[in-house]
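So the chains spell out like this:
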Amino acid sequence: MRIRTQKGLTFDDVLLVPKRSPVRSRNDVDTSTQLTSRIRLHIPVLSANMDTVTEARMAIAMAQAGGIGVIHRFMTTRQQVEEVQKVKRSRGFVVEHPRAIAPDACVEEAARLMRRYDVGGLVVLDERRHLLGLITERDVLLAPDATARVDEVMTPAERLITAPPEITPAEAQTLLYRHRLEKLPLLDGEGRLAGLITGQDLIKSRQNPQASVDEKGRLRVGAAIGVGEEELARAEALLAAGTDVLVLDIAHGHADHCIDMLQELRRAFPQAQIIAGNVATFEGAKDLAAAGANAVKVGIGPGSICTTRIVTGFGVPQLTAIMDCVEGVRASGRAVPVIADGGIKTSGDMVKALAAGAAAVMIGGLFAGCEEAPGSPVIRDGQKFKVVRGMASLGAAISRRQAEREGDESAESQADWDKVVPEGVEAVVPYRGHVREVLHQLVGGLRSGMSYGGAFTIPELQENAEFIEITAAGVRESHSHDVQRV
Ligand code: XMP
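Residues numbered from 1 in each chain as written. Predicted model: local features only at pLDDT ≥ 70, side-chain atom pairs only at ≥ 80, totals over all residues. Heavy atoms only, no water.

J.: Teacher, can you tell me more about the packing of helix α13 (residues 347-355) against helix α17 (residues 435-452) here?
T.: Each packed pair of helices is defined by two parameters, the angle between the axes and the distance between the axes. At a closest axis distance of 8 Å, the pairing of α13 and α17 adopts a crossing angle of 55°. Relative to α17, α13 is oriented oblique. The chirality of how α13 crosses α17 is right-handed. Contacts between α13 and α17 involve Ser347, Met350, Val351 and Leu354 from the first element and Gln441, Leu442, Val443, Gly445, Leu446 and Gly449 from the second. (Axes fitted to C-alpha atoms, helices over the stretch in contact; angles between N-to-C directions. Helix = DSSP H or I, 4+ residues; strand = E, 2+ residues; numbered from the N terminus. Parallel < 35°, antiparallel > 145°, perpendicular 65-115°, else oblique. Left-handed = near helix turned anticlockwise from the far one by under 90°. Contact = heavy atoms within 4.5 Å.)

Pasting the structure below:
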């Protein structure tokens, strides 16, 4: 047994000391960061892989804003793959597998498919994927008869402008503009469909250059996996669906079975980007980095809905954990970013986490109240709230087991639930509107913080950072005080 004499500190225990600054405007700073060695983000923020925080809708909004969302793993592999696909299909320079219909289907069927998939047109293909034509909403609306065959109302292939799959975004834009097209099918040398470019998608990419996109212009997305044989199959399916980064996420990441799983993933998918966690110590971070992680996730018990520290007595205050882990990955000899996960309540906390050495922060509770988080708002005393729950809470454990047993509730008994030892709680948080508005405030605070720190970039913020420990009186002084808030 030993007692560490070094004090464990967290965000509220410290402030950053202002530095002489060459930054004249907040707009001059660069908030981009390296999430892993291969993935760069415009803003250093991830939405947490929690079932009340990140599914496709949140992940799309996060990537559009320049961050990334991590789809939680408390669903079947098939469902998780579908969530990833929704993100990947939501925007891209090229739609790789456009929605298609057969020539002998009827107009009514085409209308139904367009409504179901929320698209403005379908490609008409034969059984060997040769392009026969294009049917749009306009064709459907103007068709004299809903029972007419698709090939009677479509624009036939010979009247369509097409392009080869190698076309660049600039060339596609010229063609779309010159011919006043909405859709540009891409055909390989044999006349088979190789993709589709839509005017809408090109406009979206130009309107939002900040977005986190892959080399095909599709939004980036992460997906969480756990430990175990079946999780290897989950990882394989997620990567095949286009997942940009896997997040191997277990409560105590500094465990032999987590390290073994990481090594197995590394062997099976050498090219995959893998974030592993969670850890809170020098040794934990060093071991995960040495085992092949492309980023290490840090945080044992700082989360808004976590009770791990209370239930188990274990944890490290988050600021100290970040600093120790940054040292740990450095000692591994690999340049592996650290992601600070949990405990971010304000933009100031985020600035402190980054200044302490984190490349990015993961946020749960603060995003759970957003429109894009799963679940509908509830009204209490005339105010809107949304539900958030720890992934180790009783409610999450019940939902998980019910999903595993596919609704066979007869198999459950009260005694089963009595055996669960939760390490998280269920709660409500105020409804906060769209996540882009919350991100705007967070990133605005970061930009301002960087100017106080005399830093144009996040690495400069880290280099210049000097923390000062404060007292309870200092904490009180930091908040608005001696006034009545309106
Ligand atoms: P915030 O503070 O952003 O933290 O809400 C989100 C992070 O909390 C972790 N998490 C848990 N930790 N018990 C825990 O001890 C839980 O039930 C639990 N659920 C989530 C997780 O790391 C998340 O990203």
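We are not done yet, so read on.
J.: Any chance you could explain the site of the ligand here in plain terms?
T.: Close to the ligand lie 21 residues; Ser304, Cys306, Thr308, Asp341 and Glu423 are nearest. For the ligand, an oxygen atom lies 2.5 Å from a polar atom in the side chain of Asp341. The separation between an oxygen atom of the ligand and a polar main-chain atom of Gly365 is 2.7 Å. For the ligand, the accessible surface in isolation is 520 Å², of which the surrounding protein chains cover 89%. Residues belonging to the shell around the ligand are distributed by class as follows: eight nonpolar, eleven polar and two charged. (Near = heavy atom within 4 Å. Polar contact = N/O pair within 3.5 Å; in protein donor to acceptor, adjacent residues only side chain to side chain. Areas by Shrake-Rupley, 256 points an atom, 1.4 Å probe, with all protein chains shown as cover. Nonpolar A, V, L, I, M, F, W, Y, C, P; charged D, E, K, R; others polar.)

J.: Is there a simple way to explain helix α1 (residues 56-64) in this structure?
T.: Note that an α-helix has 3.6 residues per turn; residues three or four places apart therefore point the same way. Among the nine residues that make up α1, seven are buried, leaving the element largely enclosed by the rest of the structure. Residues of α1 that are buried include every one of Ala56, Met58, Ala59, Ile60, Ala61, Met62 and Ala63, and no others. If you follow the buried residues of α1, they end up packed against β4 (45-47), β5 (68-71), α2 (77-90), α14 (365-368) and α17. Gly66 sits one or two residues past α1 and shows a positive phi near 105°. (Buried < 20%, exposed > 50% of the residue type's maximum accessible area, 1.4 Å probe, protein only.)

J.: Explain the sheet that holds strand β12 (residues 222-225) here, please?
T.: Backbone hydrogen bonds are what pair the strands of a sheet, in a parallel or an antiparallel way. The parallel closed barrel is built from eight strands, whose spatial order is β4-β5-β12-β13-β14-β15-β16-β17. Strand-to-strand, the axes of this sheet are offset by a mean angle of 25°, without reference to chain direction. Of the pairings in the sheet, the one linking strand β13 (residues 245-249) to strand β14 (residues 274-279) comprises four bridges and is parallel in character. Each bridged residue has a counterpart across the sheet, and for Leu248 the counterpart in β14 is Ala276. α1 rests against β4 and β5 of the sheet, and its axis sits at about 160° to β5. Across the sheet, helix α8 (residues 229-240) touches β12 and β13, and the angle it forms with β12 is around 170°. (Pairing = 2+ DSSP bridges.)

J.: What's the story with a negative patch on the surface in this structure? I'm lost.
T.: A cluster of acidic residues, Glu229, Glu230, Asp256, Asp260 and Glu264, forms a negative patch on the protein surface. Going through the elements one at a time, α8 and α9 (256-268) are the ones with two or more residues in the negative patch. Per element, the largest residue contribution to the negative patch is three residues, and it comes from α9. With respect to the helices, strands and loops of the structure, Asp260 is situated in helix α9. (Patch = residues over 30% accessible without salt bridge, like charges linked within 9 Å, V, L, I, M, F, W, Y side chains within 5 Å. Salt bridge = Lys/Arg side-chain N within 4 Å of Asp/Glu carboxyl O. Lys, Arg positive; Asp, Glu negative; His and termini not counted. Charge placed at Lys NZ, Arg CZ, Asp CG, Glu CD.)

That is the geometry; function is a separate question.
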